[in-house]
Amino acid sequence: MDKKTSKQIPIGGIIDKPKTSLLNKTGDWKKMRPVIDESKCIHCAKCVLSCPENCIAIKKDGKRGDVNLDFCKGCGICAKECPVGAITMVEDK
Ligand code: SF4
Ligand code: SF4
């Protein structure tokens, strides 16, 4: 990616190309990752709401979707918040 000079940066530092953060796979450095036991999940969406990276999807039918591991940082909050213990943190190899 070409670096901009100070004269090329938009006035006010506004973001002229939105969504570029999607190119930064912030989940690269995680040590742990969540594994969801579908047989235990009651689709309460508590993990979706508690994930600080917003990387657990919610589907159109209101059910919990998959974890986007490209952006999951392995913090384990979802596993702590799950009321039925459906999420286990495992080593990310
Ligand atoms: S481990 Fe953390 S970042 Fe990853 S899905 Fe759970 S709450 Fe989100
Ligand atoms: S918090 Fe647990 S039970 Fe609720 S949607 Fe997430 S995995 Fe399923």
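Summary of the structure given here. Just so it is clear, the model here is predicted, and its values are computed rather than measured.

**Structural notes on the site of ligand 1**
Thinking step 1. Not every one of the 14 residues close to ligand 1 is listed here, only the nearest: Cys51, Cys72, Cys75, Gly76 and Cys78.
Thinking step 2. When its residues are assigned to classes, the shell around ligand 1 shows ten nonpolar, two polar and two charged.

**A look at the site of ligand 2**
Thinking step 1. Around ligand 2 lies a shell of 13 residues, among which Cys41, Cys44, Ala45, Cys47 and Cys82 are the nearest.
Thinking step 2. Tallied by class, the residues present in the shell around ligand 2 amount to ten nonpolar, one polar and two charged.

**Quick look at unusual backbone geometry**
Thinking step 1. Located in the positive-phi region is His43, a residue other than glycine, with phi close to 55°.
Thinking step 2. Residue position: His43 is located in the loop between β1 (32–36) and α1 (46–50).
Thinking step 3. Positive phi values are uncommon outside glycine, yet Asn54 reaches one of about 55°.
Thinking step 4. For Asn54, the position within the fold is in the loop between α1 and β2 (56–58).
Thinking step 5. Overall, Asn54 belongs to the exposed group, its relative accessible area being 62%.

**Some remarks on the pattern of salt bridges**
Thinking step 1. What the rule picks out here adds up to five salt bridges.
Thinking step 2. Of the charged contacts in the structure, one is a salt bridge between Glu38 and Arg64, with a shortest N-O distance of 2.6 Å. In this pair, Glu38 is assigned in the loop between β1 and α1 and Arg64 in strand β3 (residues 64–67), connecting sequence segments 26 residues apart.
Thinking step 3. Residue class for Arg64 comes out buried when judged on its relative accessible area of 3%.
Thinking step 4. Put simply, Lys73 and Glu53 hold a salt bridge, and the shortest N to O gap is 3.1 Å. Taken together, the residues span a long stretch of sequence, with Lys73 in the loop between β3 and α2 (77–81) and Glu53 in the loop between α1 and β2 at a distance of 20 residues.

The rules behind each value
Residues numbered from 1 in each chain as written. Chains lettered and ligands numbered in written order. Predicted model: local features only at pLDDT ≥ 70, side-chain atom pairs only at ≥ 80, totals over all residues. Heavy atoms only, no water. Near = heavy atom within 4 Å. Nonpolar A, V, L, I, M, F, W, Y, C, P; charged D, E, K, R; others polar. Helix = DSSP H or I, 4+ residues; strand = E, 2+ residues; numbered from the N terminus. Buried < 20%, exposed > 50% of the residue type's maximum accessible area, 1.4 Å probe, protein only. Salt bridge = Lys/Arg side-chain N within 4 Å of Asp/Glu carboxyl O.

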